[in-house]
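# Secondary and tertiary structure notes
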Amino acid sequence: MSVAPAQAEAAERVLEVANLRAYYRTSYFGVSREVRAVDGVSLHVDRNEIYGLAGESSCGKSTLVKTIVRAIRPPLTIIEGSVRFDLGGRACDLYALDQARLAGLRWRHLSYILQGSMNVLNPVRRVRQSFVDFAFRHVGKPMPQFLRQVENHLARLRLEPAVLDSYPHELSGGMRQRVTIALASVCRPDFIVADEPTTALDVVVQKDVLALLCEVQRQIRSSMILVTHDIGVHANVTDRMGIMYAGRLVEEGRTVEVIRKPRHPYTAHLVTSLPRIGDAEPRKGLEGAPPNLANPPSGCRFHPRCPLAMALCRQQPPPMVDVAAGHRVACWAAAPPGPAVVS
Amino acid sequence: MFGVLRDLFRYRLEFRFGVILTGFIVAFAALSLASPYPPQDQFVVPPDLPPSWSYWFGTTSRGQDVFWLLTFAIRNTMLFGFSVAILSRLISIAFGMWSGYRGGLVDRVLMSVNDTFIVIPLFPLLVLFYFVMRDRMSWPLLALAMASLGWAYDARLIRAVALSLKSREFTQQCVFSGMRTREIVFQEHLPYVLPIVFYTTLNNMNWSIGLEVTLSVLGFTDIDTPTVGVMIFWANQHTAMVAGIWWWVFFPVLFVVILFIGLFLLAISINEYIDPRSRLARIEGASR
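Residues numbered from 1 in each chain as written. Chains lettered and ligands numbered in written order. Predicted model: local features only at pLDDT ≥ 70, side-chain atom pairs only at ≥ 80, totals over all residues.

Attention now moves to helix α5 (residues 122–133) of chain B. A rise of 1.5 Å per residue sets the reference length of α5 of chain B, with its 12 residues, at 16 Å; its end C-alpha atoms lie 16 Å apart and thus fit the reference within 8%. Looking at the residues trailing α5 of chain B, positive phi occurs at Arg134 of chain B, about 50°. (Helix = DSSP H or I, 4+ residues; strand = E, 2+ residues; numbered from the N terminus. Expected span 1.5 Å × (residues − 1).)

Pasting the structure below:
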């Protein structure tokens, strides 16, 4: 095995998450609780790639991206694992950085569109002030130049400069969403993390906003993690996607392959829940709900709802196994135990 | 700002009346500068005269002109209310914002102090304060005492808002963008809290003036400095109501009621200027 290709491949990676565990640890009146929202997730994102994260609500998607951008607050704590970025030409472990270097990284290199992004604008401050508060410190330009840059950027996103003088409540939901995207991308970051950027929007506006997001991503040549539970969005937008269930990644691969040929029974259910034109057959839902992560089931966390569950599934959690090139799955049924396939 | 105030004046009836009433009282208090007699002097005019052209509000049994005496009394009462309100706002903003934003142990410690102040009975404490201070009592001292007793309710109110703001998305965005705690609290949260602070300021003025009048009427303050309450105290001392000197009591009460109503109207209408959402709904449409 030669070293060169491995290095070339590693250089392509912008983000490398290794065995990340993040729990919500609370202790009230002597009762301690631990919610294992992210439990051993490993993934990587390549340069100029849009990586999708899918899964039901309460599967740990948002917690995962919060830990990826280090926007964590107690009770959320990192138990183990690392998040390594290769941003602005230098590699760094996000959790080893001090606050000053972290602040230098944010916005210029790494930006985060948080969930409920329609509400990231302070309701009592004008949009211009929000831009100044959030982004000005990261640009390193004098104020007039910064404001010109903001206006140019807004024009690129087909927003009039007049929105800068508005209060958030004067804008429609779609406009606010676009302003938020503008806010997150105004410094042309190398990496954007978008947590459900289109959730509260109707499908028409959603399409516009997504197109805009992709356009921005292409224009500024950044990589992106896009979180949404809408498989249709993933099919249209993302290059690769990961499916999360109960705090774990259960399947990951190229979006086309994951949707066309899902290996994990959970993914299969997600995909078959999509409506298709011409198919009048009623959709079958998956029984039950994701488990309580304070007390997750033993073995594979999906086994109580899984139609293919075997005895082994109750005892041992399945490892992530390569089933095809770049396609990994954590399922005993999809990849039976054996020395040949376990990577 | 001027344009907005003009529009408020033009289109908000409450604001217009508030400005007129409060302005009237302020102008009246300003007349104290032109008073022909120092406020402490007695028997400068014939006593017990009813209102007439030469003595508009009549004269007291102590030989003071009620009109000029009242200019001093209203001025002192208003200054007193202002000082209490400003001082106690500083304390309640500091306590409320800090406690709400920091949470955890800080919150628990500050709020237990806060709740202690809420349950302390104010009136007996202020009476006790008078008996301890006696001759050294003055209105700045009383203002200080009342400011340090009158902030706790509003601190809880502000804390509640700060708590809710803390969990909003924009605060998370602030933290993510690397803003310091001080910047988040003062730049992002304070504008949101200000309408409440302003509202409570005017409320607090009304409360402190009311309590000051109560204490003065009973003689538990510095009775040599004329305030509205002190005037009524002296009127009672001279049994003015029994003797039929009604103007000695009537005018101070009338003016303090006008001041109350003026401040109240300002409080309910000025909110619309400070809160951009209601400002938009009501005013900006008119100013553009």
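What follows deals with the pairing of strand β2 (residues 31–46) of chain A. Residue and element names in this part refer to chain A. Pairing between strand β1 (residues 13–28) and β2: 12 bridges, direction antiparallel. Bridge assignment links Ala22 to a residue of β2, and that residue is Val38. Connecting the antiparallel pair β1 and β2 is a turn made up of two residues, with Phe29 showing a positive phi of about 50°. (Pairing = 2+ DSSP bridges.)

All names here are of chain A. Taken together, eight strands build an open sheet; the order of strands is β6-β7-β8-β3-β9-β10-β12-β11 and the sheet is mixed. Where the open sheet ends on each side, the last strands, each with one partner, are β6 (110–113) and β11 (321–324). Taking the axes of each pair of neighbouring strands and ignoring which way they run, one obtains an average angle of 20° across the sheet. By the bridge criterion, two bridges tie strand β10 (residues 248–254) to strand β12 (residues 327–329) in an arrangement that is antiparallel. Looking across to β12, one finds that Glu251 is bridged to Val329. Seen against the sheet, helix α6 (residues 173–185) touches β6 and β7 (191–195) and runs at an angle of roughly 165° to β6. (Axes fitted to C-alpha atoms, helices over the stretch in contact; angles between N-to-C directions. Contact = placed C-beta atoms within 7 Å.)

Formed by 158 residues in total, the largest nonpolar core has its most connected members in Val193, Ala194, Ile225 and Val250 of chain A together with Leu70 and Met231 of chain B. Top contributing element to this core by residue count: helix α3 (residues 66–102) of chain B, with 14 residues. (Core = buried A, V, L, I, M, F, W, Y, C linked by C-beta atoms within 7 Å. Buried ≥ 20, exposed ≤ 12 C-beta atoms within 10 Å, placed from the backbone.)

Each strand in a sheet pairs with its neighbour through backbone hydrogen bonds, running either in the same direction (parallel) or in the opposite one (antiparallel). Residues and elements named next belong to chain A. Here four strands make up an open sheet; going across it, the order is β2-β1-β4-β5 and the pairing antiparallel. The outermost strands of the open sheet, each flanked by one partner alone, are β2 and β5 (90–93). Shown here is a sheet whose adjacent strand axes are inclined to one another by a mean of 10°, direction ignored. As defined by bridge partners, strand β4 (residues 76–87) adjoins β5 across four bridges and the pair is classed as antiparallel. Directly across from Arg84, in β5, lies its bridge partner Asp93.

What follows deals with the environment of Leu274 of chain A. All names here are of chain A. Within the fold, Leu274 resides in the loop between α10 (265–272) and α11 (311–315). Taking the number of C-beta atoms within 10 Å as the measure of exposure, Leu274 has 13 and is therefore partly exposed. Not counting the four nearest positions on each side in its chain, Leu274 is found in contact with Ile231 and Gly232.

A word on the confidence of the model for chain B. Residues and elements named next belong to chain B. Confidence in the prediction of chain B, expressed as mean pLDDT, is 85, and 92% of residues score 70 or more. Scored below 50 in pLDDT, residues 283–288 shows 11 contacts in the model against residues more than four places distant or in partner chains. Taken together, the chains of this predicted complex give a pTM of 0.77 and an interface ipTM of 0.75. (pLDDT = per-residue confidence, 0-100.)

Moving on to the interface of chain B and chain A. Frequently, the measure chosen for interface size is the accessible area that the parts lose on association. Contact with chain B, which involves 17 residues of that partner, is made by 21 residues of chain A. Among the elements of the structure, α8 (169–176), α9 (181–217) and α13 (276–287) of chain B are those that each provide at least two residues to the side of chain B that touches chain A. It is α8 of chain B that contributes the most residues to the side of chain B that touches chain A, six residues altogether. Partitioning the side of chain B that touches chain A into residue classes produces eight nonpolar, five polar and four charged. (Nonpolar A, V, L, I, M, F, W, Y, C, P; charged D, E, K, R; others polar.)

Residue and element names in this part refer to chain A. For Asn19, which is not a glycine, the phi torsion comes out positive at approximately 45°. Its place among the elements puts Asn19 in strand β1. The backbone of Ala246 sits at a positive phi, close to 50°, despite the residue not being glycine. For Ala246, a count of 24 C-beta atoms within 10 Å corresponds to the buried category.

Right, let's get into the packing of α3 of chain B against helix α10 (residues 228–237) of chain B. Residues and elements named next belong to chain B. Between α3 and α10, the shortest axis-to-axis distance is 7 Å and the interhelical angle comes to 130°. In terms of axis orientation, α3 runs oblique to α10. On α10, the residues that touch Leu69, Leu70, Ala73, Ile74 and Thr77 of α3 are Val228, Val230 and Met231. Grouping the amino acids of the contact of α3 with α10 by side-chain chemistry returns seven nonpolar, one polar and no charged. (Parallel < 35°, antiparallel > 145°, perpendicular 65-115°, else oblique.)

On to the packing of helix α4 (residues 104–119) of chain B against helix α7 (residues 152–166) of chain B, then. All names here are of chain B. Interhelical geometry of α4 versus α7 gives an angle of 140° and a closest axis separation of 8 Å. Comparing the axis directions of α4 and α7 gives the class oblique. Viewed along their axes, α4 and α7 form a crossing whose handedness is left-handed. Between α4, through Asn114, Phe117 and Ile118, and α7, the contact on the second element is made entirely by Ala152, Tyr153, Ala155 and Arg156. Considering only residue class, the contact of α4 with α7 consists of five nonpolar, one polar and one charged. (Left-handed = near helix turned anticlockwise from the far one by under 90°.)

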